[in-house]
Each structure stands twice: as C-alpha cells, then as structure tokens.
Amino acid sequence: MLSLLKTAAVGVIAFTATLASAEVRLQGSGATFPNPIYQRWVTEYQKLHPDVKIDYQSIGSGGGIKGITEKTVDFAGSDAPMSKSEMEKTGAPVIHIPTVAGAVVLAYNLPGIRGDLNLSGPVVAEIFMGKITKWNDPKIASLNSGVQLPDQPIVPVYRTDGSGTSYVFTNYLATQSEEFKTTVGMGKQVKWPIGQGGKGSEGVAAGVQQSVGSIGYIEMNYAEANHIKFALMQNKSGAFVKASPASVSAAGAGAVSQMGDSLAVNIWDQPGADAYPIAAFTYIIVYKNLDNIKEPEKAKALVEFLRWAVTDGEKLATEMTYAPLAESVGAKAVAAVDGLTHNGSAVK
C-alpha cells in the first residue's frame, strides 16, 4: 500500500510539473489610459486559454517604451507613438498595433449653464495660453449663441505629470495655434504659463470640480465614469461634436490612409463631419520579428492574443467607453499581427 501511495504521489507531482511547464507567460507594460480594457481583455482571454498567463503592468507609456527597447517585456503599451530616435534605439523594426481609440475632453465647472457648451481649438489654445481670461469673452460667446455666459474668471487646470493625455492635447492645440506651438509647445509634459496643476486625471478632475470657472483636459472615459460635464468641440469640418466612441472611431477612420509601415498615425484634427477632433489611438508595440522572445510557443501565444484583441476584444470597447477600431483600421491591425514573424519565419 505504501508503495502504491508513493507511486501515486510521484505521478501527481509529475502531472503538476507538466501542467506548469505547459503554461505560457507573457509580460507587458506601459500606458495607463488603456489599462482598464487591457485587464478586461486579459481576464476574458485567459478564460478561453487557461494555459496562457498574461501580466500587463500599468506604468506609463515611457516605461513601456523603455521595457520594449531593453527587451525586458514581450509587448509594450503606449498612447504616444515612438519617436524616430526611440525607434532607432530598438535596433530592429517595431510595429504600433492600434488597439482602441480615446478622446481628450474639456471638462468645465460653470454652474447655471444649461445645455452644451461649444468650444473650438483656437479658443481653447488662447484659454490655456492665458489670452482669454473670462467666460463671457466675445470669442467664446460667438460659439454659444443665446447662452448667457457669466463674467467669471477662467481657471485652466492641467496635468503636472508626464502623460499621453498631455501629449495628445498639446499636439492638437499646436495644429490650431502657431503661437501655442512656438510658446507652450508639444509633449508629454510642458510648462504651462497659467492655471493650476493636478496629478493624473484624478487631480485635474478634482481641480475642475473644486473651482468654479475652471476648465481642464481629461480622458473621455474618465469624465463619463465620474459624470463630469465636458464641452463639444468644433472639428475641422466646422461641426460641433461631442466625444463618444462613435465620433472617435470616425476620427480613426479618417486617418487610415495616412498609416505607414509602423501603423503609427495621429488622428487628431481629422476631416469628417462626425469626427471628434481631440482623439488618438493607443498602441501595443511589438517587434516585427519577435526575436526578443526566445520560445516559439511564447511568440505564438502573443500573436494569438493580439489577433483576438483586435477582433473579438474590440466588442468590449464601447461598453468600457473606449472607441473600437473602425473596420478599415481593424483590417490594418489584423494584417499587421498576421505579418509578425519569429526567427525570420511566419508564426505558426
């Protein structure tokens, strides 16, 4: 009997070891903006593939780019495409696979204003440069016919930390104002000439909610989740558009023809009556040839996860207040995933 028990125990240990060795583990890190949907994707995908364990660490776009450059992660998340100098440091071609799109919205605190507030890019640029200082300024009034705007000082609220949100917002404003481009500039972190700062979307939202007359930029999904009012923005076609998954997807569709080999593309200030103007893709960045991953089974697992994410995973985007990829963009993303190789050969 003792011999049988020992044999059974050895069998259990061997079976457990086989299961453990059969598990494939993928490591990713990067952007915080898509973290909620990436975590949902991981949960849903692992239900279908319990042998694949995926860990995504939300550490910011810069951290993700550092990780993929140093080859300490299998994939990176970034709201901002890698710069030319960043891509040169990788030593091999990378692909930016768009996953979902999001919007930066202008949250405001103006008690007594009913209905929607309309703003334009040039006006917002002047507000954040300190050139428009009152809510009843003629330039704001001209966009809001029939609205009684208060003689209230404007308090701009901005991000103090480096972020993809600031990158998108400042790059958009640079397309609207040459003066903004040359004085404030564009980047994940800039020196604002006026206003008050807050860390993260939480800090900006708190600043807006606590200060009457304030205006700040935050992600659409954060504003929706916290029931914060935000303005309609005038787009390139002259229409005032509210940020929504549909209007952000429209902006992405307008940029598909501009995608190069790396797939990175700016989707702010796109043409189209339905396009929201302050929109951007967020990306998963991988090497075109997955040689940073030694094991073929890991490369295969990553490709299969990415293909699922940009197809079935997209169905979860709208319910989480992200914009799903437009059909034309989704087709590009799938083609990019299918074109990934490992050791010079197609991943099978």
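This text follows the structure it describes.
Residues numbered from 1 in each chain as written. Predicted model: local features only at pLDDT ≥ 70, side-chain atom pairs only at ≥ 80, totals over all residues. Heavy atoms only, no water.

### Points about the sheet that holds strand β6 (residues 155–159)
For clarity, the cut-off: Two strands qualify as a pair provided DSSP detects at least 2 bridges between them. Secondary structure elements are taken from DSSP: a helix is a run of H or I of four residues or more, a strand is a run of E of two residues or more, and numbering for both begins at the N terminus. Axes, fitted as lines to C-alpha atoms, cover a helix only where it is in contact. Angles between the N-to-C directions of the axes lie from 0 to 180 degrees.
In space, the eight strands of this open sheet follow the order β2-β1-β3-β11-β4-β8-β6-β7, with mixed pairing throughout. At either margin of the open sheet sits one strand with a lone partner, and together these are β2 (52–58) and β7 (196–198). Recorded for the sheet is a direction-independent mean angle of 25 degrees between the axes of neighbouring strands. By the bridge criterion, three bridges tie β6 to β7 in an arrangement that is parallel.

### So, the side chain of E314
We count it as follows: Using a 1.4 Å probe on the protein chains alone, a residue whose accessible area is under 20% of its type maximum counts as buried, one over 50% counts as exposed, and one in between counts as partly exposed. Residues scored as charged are limited to Lys and Arg (positive) and Asp and Glu (negative), so that His and the chain ends carry no count. Should a side-chain nitrogen of Lys or Arg be within 4 Å of a carboxyl oxygen of Asp or Glu, the pair is scored as a salt bridge. Identification of polar contacts relies on pairs of N or O atoms within 3.5 Å, with a donor-acceptor requirement for protein atoms, meaning one able to donate a hydrogen and the other able to accept it, and with residues adjacent in sequence counted only if both atoms are side-chain atoms. The contact criterion used is simple: two residues touch if any of their non-hydrogen atoms lie within 4.5 Å.
You can see E314 is positioned in the loop between α12 (296–309) and α13 (327–338). Despite its burial, E314 pairs with no opposite charge, the nearest such side chain being K315 at 11 Å. Of the polar contacts made by the side chain of E314, one reaches the backbone nitrogen of L325; its length is 2.8 Å. Not counting the four nearest positions on each side in its chain, E314 is found in contact with W41, T99, V100, A309, P324 and L325.

### Observations concerning the side chain of S211
Residue position: S211 is located in the loop between α9 (200–210) and β8 (214–219). Beyond its immediate chain neighbours, meaning those up to four positions away, S211 contacts N109 and Q196.

### Looking at the packing of helix α5 (residues 121–128) against helix α7 (residues 164–176)
Rule in force here: Roughly parallel refers to an angle under 35 degrees, roughly antiparallel to one over 145, roughly perpendicular to one between 65 and 115, and oblique to any angle outside these ranges. Here a crossing is taken to be left-handed if its near helix is turned anticlockwise relative to the far helix by less than a right angle, and right-handed if that turn runs clockwise.
Between α5 and α7, the least distance of the axes is 8 Å, while the angle of their chain directions is 115 degrees. Taken as axis vectors, α5 and α7 run roughly perpendicular relative to one another. You can see that α5 and α7 cross each other, and the crossing is left-handed. Residues G121, P122, V124, A125 and F128 of α5 form the contact with α7, whose participating residues are F169, Y172, L173 and Q176.

### Side note on the packing of helix α2 (residues 35–48) against α12
We apply this condition: As a working rule, the residues Ala, Val, Leu, Ile, Met, Phe, Trp, Tyr, Cys and Pro are called nonpolar, Asp, Glu, Lys and Arg charged, and the rest polar, with Gly in that last group.
It is the contact of α2 with α12, at a shortest axis distance of 11 Å, that shows an interaxial angle of 115 degrees. By crossing handedness, the relation of α2 to α12 is classed as right-handed. Two secondary-structure elements touch here, α2 through W41, V42, E44, Y45 and L48 and α12 through A301, E304, F305, W308 and A309. Grouping the amino acids of the contact of α2 with α12 by side-chain chemistry returns eight nonpolar, no polar and two charged.

### Observations concerning the nonpolar core
For the record, the criterion: Among the buried residues, those of types Ala, Val, Leu, Ile, Met, Phe, Trp, Tyr and Cys that are joined through side-chain atoms within 4.5 Å form a nonpolar core.
Of all hydrophobic cores here, the largest spans 113 residues; its most connected members are L106, L119 and V286. When neighbours within four sequence positions are excluded, V286 is seen to be in contact with D74, F75, V94, I95, I97, L302, L306 and L340.

### Quick word on the pattern of salt bridges
According to the stated counting rule, one finds 13 salt bridges in the structure shown. The partner of K47 in a salt bridge is E44, with the nearest N and O atoms 3.5 Å apart. Highlighted residues: K47 and E44, both in helix α2, separated by three residues, approximately one helical turn. Judged by relative accessible area, which is 60%, K47 ranks as exposed. Note on E44: relative accessible area 23%, which makes it partly exposed. Here D151 and K134 are joined by a salt bridge, their closest N and O atoms 3.0 Å apart. Of the two residues, D151 sits in the loop between α6 (138–141) and β6 while K134 sits in the loop between α5 and α6, which places them 17 residues apart along the sequence.

### Considerations on the sheet that holds strand β9 (residues 232–234)
If you walk across this open sheet you meet the three strands as β5-β9-β10, and the pairing is mixed. Strands with a single pairing partner mark the edges of an open sheet, and in this sheet they are β5 (118–119) and β10 (240–241). Pairing between β9 and β10: two bridges, direction antiparallel. Counterpart to M233 in the pairing with β10 is V241.

What is shown is where atoms sit, not what they do.
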